[in-house]
Amino acid sequence: MRPTQLWNRSKLRYLLSVPVFIIVLLNIELISQIKDFNTLNSEKNAGLKSPNVSQIIQNKNLTDIESNFNSSQKTQSLLNKIKKLNAELSIKNKHLIEGILQDELQTQNIPKKTINDGSKANNIYKMPKFFVILIQVHSRLNYLKELINSLKETKYIEQALLVFSHDIYNEEMNTLINSIDFCATLQIFYPHSLQLYPDTFPGKDSKDCSRSINKAKALEIGCNNAAFPDTYGNYRESQVVQIKHHWFWKVDLKFSI
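Remember, predicted model here, so these are calculated numbers, not experimental data. (Residues numbered from 1 in each chain as written. Predicted model: local features only at pLDDT ≥ 70, side-chain atom pairs only at ≥ 80, totals over all residues. Heavy atoms only, no water.)

S.K.: Honestly, the state of the cysteines in this entry has me stumped. Any pointers?
M.R.: Covalent bonding between the sulfur atoms of two cysteines is what defines a disulfide. Taken as a whole and assessed by the stated rule, the structure comprises one disulfide. Put simply, cysteine 209 and cysteine 223 are joined by a disulfide, and their sulfur atoms are 1.9 Å apart. Its S-S torsion of approximately 95° makes the covalent link between cysteine 209 and cysteine 223 right-handed. Taken together, the positions of cysteine 209 in the loop between strand E6 (184-189) and helix H9 (215-221) and cysteine 223 in the loop between H9 and helix H10 (238-256) put the pair 14 residues apart, joining distant regions of the chain. A residue is classified by how much of its surface remains accessible, and cysteine 209, at 2% relative accessible area, is buried. Residue cysteine 223 is classed as buried on the basis of its relative accessible area, which comes to 11%. (Disulfide = S-S within 2.5 Å. Helix = DSSP H or I, 4+ residues; strand = E, 2+ residues; numbered from the N terminus. Buried < 20%, exposed > 50% of the residue type's maximum accessible area, 1.4 Å probe, protein only.)

Quick look at the structure:
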């Protein structure tokens, strides 16, 4: 047998023995945000008066979060709270998965059966029952309610840990998630959000270049990153960048826990 084949099979057996599978859901929230920006750009191209981007993203049935945290003191207080919550990582309804986790810890390294191919015995490991679902949340409370209702009807959901990753801290959303009783849940909060940095990087800096400004004009006025537009000649939009950075942050956090 070739060395590469041996390595690939060993790698596969290792992956099958890992007790936790991470399932990353591309939330309907992200799709909606992208549609919002596409709509905005279409209206610009048509010469129509466009609404403010932040007003498009923010959910109409939630309190205006930016106005509630417009002072630096309140923003710093919220940042400290989020850091504390992320450090604690408190799992709600943990009792629903404790038994599964204990079983996996005891059996993950025990061969289910052994087969002999003539040269040596190969171990085949038991497939895990426990899994993690990551959900990226923004501000649409009604979408979140529908997602939770659909997950409630999912088979074996009681064996899952739902991880809700927020880029906005909102008590109404927290209350909704804390009301979940059909599976274990965990909430984490993106610490570099526009809510926490409304007027400075990674949020929108007053010196940032406008999205569609000409490069020559950007260099002339000396706005931030004037020399570095993207492939299409556009400049950074904090609202769009936040979606991508939040996605990578939550995945990196879960794999590092």
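S.K.: Help me understand the packing of aromatic side chains, please; the structure alone is not making it clear to me.
M.R.: The geometry of an aromatic ring pair is captured by two quantities: the separation of the ring centres and the angle between the planes. The tally for this structure, following the rule as stated, stands at three aromatic pairs. Centroid distance tryptophan 247 to phenylalanine 248: 5.2 Å. Interplanar angle 85°. Geometry classified as edge-to-face. Among the residues examined, tryptophan 247 registers a relative accessible area of 29% and is labelled partly exposed. Given a relative accessible area of 53%, phenylalanine 248 falls into the exposed group. (Phe/Tyr/Trp six-rings, centres within 6.5 Å; stacked < 30°, edge-to-face > 60°.)

S.K.: How should the packing of helix H7 (residues 141-152) against helix H8 (residues 171-178) be read in this particular structure?
M.R.: Across the interface, H7 lies against H8 with an axial gap of 11 Å and an inter-helix angle of 5°. Of the possible angle classes, the one that applies to H7 and H8 is roughly parallel. Along the contact surface, H7 presents Leu141, Leu144, Lys145 and Ile148, while H8 presents Glu172, Met173, Leu176 and Ile177. Considered class by class, the residues forming the contact of H7 with H8 number six nonpolar, no polar and two charged. (Axes fitted to C-alpha atoms, helices over the stretch in contact; angles between N-to-C directions. Parallel < 35°, antiparallel > 145°, perpendicular 65-115°, else oblique. Contact = heavy atoms within 4.5 Å. Nonpolar A, V, L, I, M, F, W, Y, C, P; charged D, E, K, R; others polar.)

S.K.: Explain H7 here, please?
M.R.: Two residues of an α-helix separated by three or four positions point the same way, owing to the 3.6 residues in each turn. With twelve residues, H7 extends 17 Å from end C-alpha to end C-alpha; this agrees with the ideal 16 Å at 1.5 Å per step. Those residues of H7 not exposed but buried are Leu141, Leu144, Leu147, Ile148 and Leu151. Buried residues in H7, looked at end-on, bunch into an arc of 120°, giving them a common side. Against strand E4 (131-137), strand E5 (160-166) and H8 lie the buried residues of H7. (Expected span 1.5 Å × (residues − 1). Arc of directions from axis to C-beta.)

S.K.: In this structure, what is going on with the environment of glutamine 159? I would like to understand it.
M.R.: When you line up the elements, glutamine 159 lands in the loop between H7 and E5. What makes glutamine 159 buried here is its relative accessible area of 18%. Separated by 58 residues in the primary sequence, glutamine 159 and leucine 101 have C-alpha atoms spaced 9.6 Å apart. If near-sequence neighbours (up to four positions away) are discounted, glutamine 159 is found in contact with Ile97, Ile100, Lys129, Phe130 and Phe131.

S.K.: When you look at the nonpolar core in this model, what are you seeing that I'm missing?
M.R.: Most often, soluble globular proteins keep nonpolar side chains buried together rather than apart. Residues Ile135, Leu144, Ile157, Leu162, Phe164 and Phe182 are the most contacted members of the largest nonpolar core, which totals 19 residues. For this core, the secondary structure elements donating two or more residues are E4, H7, E5 and H8. Here the element with the most residues in this core is H7; it accounts for five residues. Not counting residues within four places of it along the chain, the set of residues in contact with phenylalanine 164 comprises Ile135, Val137, Leu144, Ile148, Ile177, Ile180, Thr185, Leu186, Gln187 and Ile188. (Core = buried A, V, L, I, M, F, W, Y, C linked by side-chain atoms within 4.5 Å.)

Distances and angles like these do not, on their own, reveal function.
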